[in-house]
Amino acid sequence: MSKKEKKETTTAPEAPQEAAVEEPEEESGGGAPNDEESGEVAELARALDECRQEARRNHDLYLRMAADLDNFRKRAQREREDLAKFANEKILREVLPVIDNLERAVEHARQEGGNSKGLVEGVEMTLSQFAKVLEKFGVAPLESVGKPFDPARHEAMGQLESAEHPANTVAQELQKGYVLHERLLRPALVMVTKAPASGGEGEQSGE
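Small disclaimer: the values here were computed from a predicted structure and weren't measured. Numbering of residues starts from 1 in each chain and follows the order in which that chain's sequence is written. Local features in this predicted model are restricted to residues whose pLDDT is 70 or higher, and side-chain atom pairs enter the listing and the counts only when it is 80 or higher, whereas totals over whole chains, interfaces and linings include all residues. Side-chain metrics rest on all non-hydrogen atoms present in the structure, leaving aside hydrogens and water.

1. Quick word on the environment of Ala156
As a reminder of what qualifies: Each helix corresponds to a stretch of at least 4 residues labelled H or I by DSSP, and each strand to a stretch of at least 2 residues labelled E; elements are numbered beginning at the N terminus. Buried residues are those whose accessible area, probed at 1.4 Å on protein chains only, stays under 20% of the maximum for their type, while exposed residues exceed 50% and partly exposed ones sit between those limits. The contact rule is simple, with two residues in contact once any of their heavy atoms fall within 4.5 Å.
One can find Ala156 in strand β2 (residues 154-161). The class for Ala156 is partly exposed, based on a relative accessible area of 43%. Ala156 sits 35 residues away from Met191 along the chain, and the two C-alpha atoms are 5.7 Å apart. With residues near it in sequence (within four places) discarded, Ala156 still touches Phe149, Val190 and Val192.

2. A look at the confidence of the model for the protein
Applied cut-off: Looking at any residue, its pLDDT shows the predictor's confidence there, from 0 to 100.
In this model, the protein carries a mean pLDDT of 80, and residues with pLDDT of at least 70 account for 79%. The low-confidence segment residues 200-207 (pLDDT under 50) makes zero contacts with residues lying over four places distant or belonging to another chain.

3. Some details on the pattern of salt bridges
Worth spelling out the cut-off: By convention in these notes, a salt bridge is any Lys or Arg side-chain nitrogen within 4 Å of a carboxyl oxygen on Asp or Glu.
What the rule picks out here adds up to seven salt bridges. Glu89 is the salt-bridge partner of Arg183, the closest N and O atoms lying 2.8 Å from each other. Of this pair, Arg183 sits in strand β5 (residues 183-186) while Glu89 is found in helix α2 (residues 89-112), placing the two residues 94 residues apart along the sequence. Note on Glu89: relative accessible area 16%, which makes it buried. Among the ionic pairs, Glu103 bridges to Lys176, the shortest N-O distance being 3.4 Å. Residue Glu103 is found in helix α2, and its partner Lys176 is found in the loop between β3 (170-175) and β4 (178-180); the two are separated by 73 residues along the sequence. Classification of Glu103 as partly exposed rests on a relative accessible area of 26%. On the basis of relative accessible area, Lys176 is assigned to the partly exposed category, the value being 30%.

4. Details of the pairing of strand β6 (residues 188-194)
The condition that has to hold: Strands are labelled as partners when DSSP assigns at least two bridges between them.
Along β6, six of the seven residues are buried, which leaves the element largely enclosed by surrounding structure. Two elements, β3 and β6, share four bridges in a ladder whose sense is antiparallel. Counted as the bridge partner of Glu173 is Val190 from β6.

5. Concerning helix α3 (residues 117-136)
Within an α-helix, residues lying three or four positions from one another point in the same direction, as the helix has 3.6 residues per turn. Inclusion rule: To estimate how far a helix should reach, multiply one less than its number of residues by 1.5 Å.
The terminal C-alpha atoms of α3 lie 29 Å apart, and with 20 residues this matches the ideal 28 Å at 1.5 Å per residue to within 8%. In this fold, the buried residues of α3 make contact with α2, β1 (139-141) and β4. In the segment just after α3, Gly138 is the residue with positive phi, at about 90°.

6. Re the packing of α2 against α3
Put simply, the test is: Inter-axis angles, ranging from 0 to 180 degrees, are taken between N-to-C directions of lines fitted to C-alpha atoms, where helices are fitted over the stretch in contact. Should an angle fall under 35 degrees it is called roughly parallel, over 145 degrees roughly antiparallel, and 65 to 115 degrees roughly perpendicular, with every other angle called oblique. Crossing handedness follows the turn of the near helix against the far one: under a right angle anticlockwise gives a left-handed crossing, and clockwise gives a right-handed one.
Interhelical geometry of α2 versus α3 gives an angle of 150° and a closest axis separation of 10 Å. As far as their axial angle goes, α3 and α2 are roughly antiparallel. Crossing of α2 against α3: the hand is left-handed. Seen from α2, the contacting residues are Leu92, Val95, Leu96, Val98, Ile99, Leu102, Glu103, Val106, Ala109 and Arg110; seen from α3, they are Val120, Val123, Glu124, Thr126, Leu127, Phe130 and Leu134.

Rendered as structure tokens:
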């Protein structure tokens, strides 16, 4: 038998594969913003600042209006209270001369004496009732005698020399004064003291 010749199969070595060259990817827009975007940001910032300023102005306006409204309410409340306090001022002022006449009658009857004791007591009771009514409506008499003269509450009818009281003091009350809830209803008619004249006037030294 003949030997089969072995055919030597020589395989050519494979050529090395070339490594794929990766191309650099283009970077997405991560750089500095362009001029158009910068302008939009600045415009938004300005608009935000204007909105904040307007909000502050509106807040200040609201506070002022709230304060004005509160003051108006307080003023209206005071006016209502004053109206309630002084609504009867006119009629009370008209009643005072009646009380003056009754007090003069009592004083005159006491000075005259006689058998008018019962009448005097009756008039005094009437005066007491008047006093209670006046007190109910907030009327009170002024205390004037011995007090410093106050032109806001007293009306001077004349002057008296007095060594008992300092000058410019109420020495005598001719007609009572009254206040209505601490507001003057009628001034008191008074006599005011003045310093007595010095005793050395008119003296001349002998020759």
